[in-house]
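Listed below, chain by chain, are the residues.
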Amino acid sequence: MRNLACLFLLVFFFSGCTTNSDSRIQSLQETNPNPKDLTVVKEIEFESEGVQLAGSLYIPKHPKAAIVLVHGSDPVPRMANLAELLAKNDLLVLTYDKRGVGKSGGVYAGPQAGTNNISVDNLTLLAKDANAAVNLISQYGKELPIGLVGASQAGWIIPIAALKNPSIKFMVLFSSPTITTLEQLRFQFYTNGRKDFWDNHIEDDVRAHIQNAPDRYQFEATDPKDSLSALSIPGLWLFGEQDIQIPVKMCMEQLNGLKAQGKPFEYTLSPELGHDTYKPEPLEIAIQWIKRNAARH
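These notes cover the structure that comes with them. (Residues numbered from 1 in each chain as written. Predicted model: local features only at pLDDT ≥ 70, side-chain atom pairs only at ≥ 80, totals over all residues. Heavy atoms only, no water.)

### Observations concerning the overall build of the chain
And then number 1: When helices and strands are counted, the chain shows eleven helices and eight strands.
And then number 2: Of all 297 residues assigned to the chain, the portion counted as buried reaches 58%.
And then number 3: Long-range contacts, defined here as pairs at least 24 residues apart, represent 77% of the contacts in the chain between residues at least 6 apart. (Helix = DSSP H or I, 4+ residues; strand = E, 2+ residues; numbered from the N terminus. Buried < 20%, exposed > 50% of the residue type's maximum accessible area, 1.4 Å probe, protein only. Contact = heavy atoms within 4.5 Å.)

### Considering helix α6 (residues 181–191)
And then number 1: Taken across its eleven residues, α6 has ten buried, putting it largely inside the fold.
And then number 2: By the burial criterion, the buried members of α6 are Thr181, Leu182, Glu183, Gln184, Leu185, Arg186, Phe187, Gln188, Phe189 and Thr191.
And then number 3: In the segment just after α6, Asn192 is the residue with positive phi, at about 55 degrees.

### Some remarks on the pattern of salt bridges
And then number 1: In the structure shown here, the tally under the stated rule is eleven salt bridges.
And then number 2: As a salt-bridge pair, Asp215 and Arg186 come within 2.6 Å of each other at their nearest N and O atoms. Highlighted residues: Asp215 in the loop between α8 (203–212) and α9 (224–228) and Arg186 in helix α6, separated in sequence by 29 residues.
And then number 3: Judged by its relative accessible area of 16%, Arg186 is buried.
And then number 4: As a salt-bridge pair, Lys225 and Asp223 come within 2.9 Å of each other at their nearest N and O atoms.
And then number 5: You can call Asp223 partly exposed: its relative accessible area is 23%.
And then number 6: Each of the salt bridges in this network shares a partner with another, and the network as a whole consists of Glu43, Arg78 and Asp97. (Salt bridge = Lys/Arg side-chain N within 4 Å of Asp/Glu carboxyl O.)

### Focus on the packing of aromatic side chains
And then number 1: Per the stated rule, a full pass over the model turns up ten aromatic pairs.
And then number 2: When the centroid spacing of 4.6 Å and the interplanar angle of 65 degrees are considered together, the rings of Phe174 and Tyr278 count as edge-to-face. With Phe174 in strand β6 (residues 168–174) and Tyr278 in the loop between β8 (265–270) and α11 (280–295), this pair connects stretches of sequence that are 104 residues apart.
And then number 3: Look at Phe187 and Phe197: their rings are 6.1 Å apart centre to centre, the planes differ by 85 degrees, and that puts the pair in the edge-to-face class. With a gap of ten residues between them, Phe187 in helix α6 and Phe197 in helix α7 (residues 197–200) connect regions that are remote in the sequence. Each member of the pair, Phe187 as well as Phe197, is classed as buried. (Phe/Tyr/Trp six-rings, centres within 6.5 Å; stacked < 30°, edge-to-face > 60°.)

### Focus on the sheet that holds strand β4 (residues 91–96)
Think of a sheet as strands paired side by side through backbone hydrogen bonds, with each pair either parallel or antiparallel.
And then number 1: One open sheet accounts for eight strands, arranged β1-β2-β4-β3-β5-β6-β7-β8; its pairing is mixed. The open sheet terminates on both sides in strands that have one partner only, identified here as β1 (40–48) and β8. Along the sheet, successive strands turn relative to each other by an average axial angle of 20 degrees, direction set aside.
And then number 2: Summarising the sheet, strand β3 (residues 65–70) and strand β5 (residues 146–151) pair through five bridges and their orientation is parallel. When the bridges of β5 are listed, Ile67 appears paired with Gly147.
And then number 3: In the packing of helix α5 (residues 154–164) onto the sheet, the strands contacted are β3, β5 and β6, and the crossing angle to β6 comes to about 175 degrees.
And then number 4: α11 contacts β3, β4, β5, β6, β7 (235–240) and β8 of the sheet and is inclined by roughly 170 degrees relative to β6. (Pairing = 2+ DSSP bridges. Axes fitted to C-alpha atoms, helices over the stretch in contact; angles between N-to-C directions.)

### Brief notes about the nonpolar core
And then number 1: Formed by 59 residues in total, the largest nonpolar core has its most connected members in Phe46, Leu94 and Met171.
And then number 2: Of the residues forming this core, the biggest block, nine residues, is contributed by helix α4 (residues 120–137).
And then number 3: Non-local contacts of Met171, meaning those with residues more than four positions away in its chain, are made with Leu148, Ile158, Leu228, Leu231, Ile233, Pro234, Gly235, Leu236, Trp237, Phe265 and Trp289.
And then number 4: If you look at the next biggest cluster of nonpolar residues, it comprises 27 residues, including Ile67, Leu69, Ala151 and Ala286. (Core = buried A, V, L, I, M, F, W, Y, C linked by side-chain atoms within 4.5 Å.)

### Description of the environment of Ala109
And then number 1: Along the chain, Ala109 turns up in the loop between β4 and α4.
And then number 2: Residues Ala109 and Leu123, 14 residues apart in the sequence, show an inter-C-alpha distance of 9.9 Å.

### Brief notes about the pairing of β5
And then number 1: Counting buried residues along β5, six of its six residues qualify, which places the element largely inside the surrounding structure.
And then number 2: A two-sided burial pattern is seen for β5, the buried positions comprising Ile146, Leu148 and Gly150 on one face and Gly147, Val149 and Ala151 on the other.
And then number 3: On the question of chirality, the crossover connecting β5 to the parallel β6 by way of α5 is right-handed. (Right-handed = clockwise from strand over helix to strand, strands pointing away.)

### Re the pairing of β1
In regular strands, side chains alternate between the two faces of the sheet.
And then number 1: Bridge analysis of β1 against strand β2 (residues 51–59) gives nine bridges, and the strand direction is antiparallel. Following the sheet pairing, Ser48 is matched in β2 by Val51.
And then number 2: In sequence, β1 turns back onto β2 through a hairpin of two residues, with Glu49 there showing a positive phi of about 50 degrees.

If you want it as structure tokens, here you go:
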């Protein structure tokens, strides 16, 4: 049990994008005001896999696209600041309390509960929650293209959801893995949370470790490339080069392989950023990318 607890604590270190950036998002809101078109906020509930999930719908006056926000691995309630920022940029947004958090029913999987939050079953369940949210927002924006936006662990969830739901027309993933869940753990054990990791290691060392290190824990891995290889919707990944949660250059190489197969995938790299890429510049890139893709529908 002691070893298992360590696994869950380490897995949960692979998150934080959705919980540590409220002040930065608020700052960006203040530099991008939209006073002419006020946003209406509507409290909503919807059912997913037998439980009621609670959230908020942010409705701008002239929406260009519809967005469902997908959580990272933390026990995160609805992401109000991010939703408000996106709505001020003419995006209809649904954000909800994660399963088992806030006003949402169900059971949260994570270290506090002593359960594996990156099991195939849990990631699949969270993808079903995202799809239930998509089905709801489609009732409000019937003519709008719908996309999923998320960070970190959402990189495993969003492709699963998108493959199952043809209503999803695009996806935006901040600091999200294209590697398997077990490969991510190998990298995370290797970096061990050291902020100076990239000052003392080179890419070849990282790849050799990910390829050859034995797995400390045994469970079925999720590989997002299984879903990504079957998708044809546009996708944007936003990476920070200093990330010590995911090996971004390896992920970019894998995306290049998918792009070579004709997949409409793009990515950006911010040299100074780490795992938290919910920062003004990546957010602005994502917003403009969403609007360009929406204009094609």
